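# Summary of the model geometry
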Amino acid sequence: MAAQHPTAALLLCEVVMEILSWVPAKPVTRLKLVCKSWNSIISHPHFVKLHLHRSPKNAILLFTRTQALTLGEKEKQDLVLSSVESFIRNPSSSLDAQENRHSLHVDDRVSGSCNGLVCVARMLCDHNNGVCDIWFRLWNPLTGFVSENSPCLRVNVYNSLGFGYDESSDSYKVVTLIRDSVTAQVYSFRGSSWKTINSLPAFLLFAEDINGHFIGGTLNWLVLRNPHGPGYDWADVTLDMLMIVSFDLKSDTHKQILLPKGIDEVPGQTPILGVWGNRLYLLHNYKNTHFIAWQMKEFGDENSWTQLLKISFHHLGVEMLSFPEFIFENGNIFMLRGRHRFEEVFYDRRDNSVKRVNILANNCYFHAFDYVESLVQPC
């Protein structure tokens, strides 16, 4: 057989790459076994980025499930992957399915998910002395890739973690903020040491914002200015004390994002910040009778805050604002905590319908993250 012309071989390679880049991540990993040339194509960093760019977003959920403690039992937790469609149709079955389930160590905590990578923090805390030793690692549940651990970071127990991607340096970063501190600790998985960033505003982190929220190359926290020391009474909080801190992963700098102009009084309880479907949301109650959701249409543009929803607690069948587990389909479906810990309320604003579902009757609770299957394995 005559040797293939180099131009023809290159063209064939480009055609194969184009076709394979549209194949879902799970089957494309098996196609690496077809032949050496396909394995080379699929493993190439350019193909990995192209495939990620073309992968469907907001289609898969990643759940961490934690077994509630009973006397004499050790806490157990695992990680479950489910399609959004399957979860909305049957939440309990999706969370109880044995397929796509992974065990987590009792000391592990998921800090976030980005581009198919899960950031896992191993936390050993000494609450008597108020300190935690934390190691971070990256994990791709699809490929099995696990990075080396970060150097140990010792911080006080009142900390908040954030995980995201800096496209300018093609690096994944972890940011740790400490309550009542003006510093942040930043670690790049392309580096080897922690970097201290000073000059942050002094603040108290809210308990609801366990993790920073990644969007547009930034990590975001809803915080309370802390000009008078660590203690505060919510009844004394004023609007000018509430702020959103946005930390830029490229420049390691921060800025303040203003709250929606339509908020003209302090909500009756702590507002909630979140990123769902690559949109920033701010959720709060209104006069302890209604649930209000704001969406930032264009991230970074404070004038693009839009009131997406205002609905009474009575219609939802709840007595107060419940912690939102997730927002689906570009802000059309809200999943809220119901009247008790294992009840979820699904509200669809398109038809004003409410559905209540009892989830995890086996005494577990869960936390949800947006997830995309990918081939990403950073150096």
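Look above for the structure.
The following paragraphs examine the structure supplied in this document. None of the values given here were measured: they were computed from a predicted structure.

## Focus: the environment of Tyr158
Here Tyr158 lies in the loop between strand E7 (153-156) and strand E8 (159-166). Distance in space between the C-alpha atoms of Tyr158 and Ile178 is 6.2 Å, their sequence separation being 20 residues.

## Digging into the nonpolar core
Among the nonpolar cores identified, the biggest contains 34 residues, and Phe47, Ile134, Phe136, Leu138, Phe163 and Tyr172 are the most heavily contacted of them. Sorting the residues of this core by element identifies helix H1 (6-20), helix H3 (36-43), helix H4 (45-54), strand E5 (117-126), strand E6 (131-139), E7, E8 and strand E9 (171-178) as the ones contributing at least two each. When sequence neighbours within four positions are dropped, the list of residues in contact with Tyr172 reads Cys114, Asn115, Leu117, Leu138, Phe163, Gly164, Tyr165, Tyr187, Ser188, Phe189, Val376 and Pro378. Grouped together as the second largest cluster of nonpolar side chains are 33 residues, Trp276, Ile327, Val345 and Val357 included.

## A look at the pairing of E8
Within E8, 8 of the 8 residues are buried, which leaves the element mostly enclosed by the surrounding structure. Here E8 shows a buried face lined by Asn159, Leu161, Phe163 and Tyr165 and a second buried face lined by Ser160, Gly162, Gly164 and Asp166. With 8 bridges joining them, E8 and E9 adopt antiparallel strand pairing. Looking at the pairing, Gly162 lines up with Val175 of E9. Joining the antiparallel neighbours E8 and E9 is a turn of 4 residues, in which Asp170 adopts a positive phi near 50 degrees.

## Points about the packing of aromatic side chains
In total, this model carries 11 aromatic pairs according to the counting rule given. Grouping aromatic residues by their ring pairs yields a cluster made of Phe63, Phe87, Phe326, Phe328 and Phe346. Geometry around Phe346 places Lys355 over its ring, the cationic atom sitting 5.3 Å from the centre.

## With respect to the environment of Lys32
Considering the arrangement of structural elements, one finds Lys32 in the loop between helix H2 (25-30) and H3. For Lys32, a relative accessible area of 31% puts it in the partly exposed group. Between the alpha carbons of Lys32 and Ile42 there is a distance of 6.6 Å; along the sequence they are 10 residues apart. Beyond its immediate sequence surroundings of up to four residues, Lys32 is in contact with Asn39, Ile42 and Ser43.

## Considerations on the sheet that holds strand E10 (residues 184-188)
Judged by pairing direction, the sheet is antiparallel, and its 4 strands sit side by side in the order E8-E9-E10-E11 without closing on themselves. Of all the strands in the sheet, just E8 and strand E11 (195-197) have a single pairing partner and so form its edges. Direction aside, the axes of adjacent strands within the sheet are offset by 25 degrees on average. In this structure, E9 lies alongside E10, joined through 5 bridges in antiparallel fashion.

## Digging into the state of the cysteines
Counting across every chain of the model gives 1 disulfide. The disulfide that involves Cys125 links it to Cys132, with 1.9 Å between the sulfurs. Because the sign of the S-S torsion sets the handedness, a value of about 105 degrees for the bond joining Cys125 and Cys132 places this disulfide among the right-handed ones.

## Here we look at the sheet that holds strand E20 (residues 305-312)
Ordered by their spatial adjacency, 4 strands build an open sheet running E17-E18-E19-E20, and the pairing between neighbours is antiparallel. Two strands lie at the open edges of the sheet, namely strand E17 (272-276) and E20, each paired on one side alone. Within this sheet the neighbouring strands show an average axis-to-axis angle of 25 degrees, counted without direction. Two elements, E17 and strand E18 (residues 279-286), share 5 bridges in a ladder whose sense is antiparallel.

## Comments concerning the environment of Tyr286
Counting through the fold element by element, Tyr286 comes out in strand E18. Here Tyr286 falls in the partly exposed class, since its relative accessible area comes to 26%. Here the alpha-carbon distance between Tyr286 and Ser312, two residues 26 residues apart in the chain, equals 9.1 Å. Excluding its chain neighbours within four sequence positions, the residues that come into contact with Tyr286 are Ile292 and Lys310.

Rules of the game
- Residues numbered from 1 in each chain as written.
- Predicted model: local features only at pLDDT ≥ 70, side-chain atom pairs only at ≥ 80, totals over all residues.
- Heavy atoms only, no water.
- Helix = DSSP H or I, 4+ residues; strand = E, 2+ residues; numbered from the N terminus.
- Core = buried A, V, L, I, M, F, W, Y, C linked by side-chain atoms within 4.5 Å.
- Buried < 20%, exposed > 50% of the residue type's maximum accessible area, 1.4 Å probe, protein only.
- Contact = heavy atoms within 4.5 Å.
- Pairing = 2+ DSSP bridges.
- Phe/Tyr/Trp six-rings, centres within 6.5 Å; stacked < 30°, edge-to-face > 60°.
- Lys NZ or Arg CZ within 6 Å of the ring centre and 35° of its normal.
- Axes fitted to C-alpha atoms, helices over the stretch in contact; angles between N-to-C directions.
- Disulfide = S-S within 2.5 Å.

What is shown is where atoms sit, not what they do.
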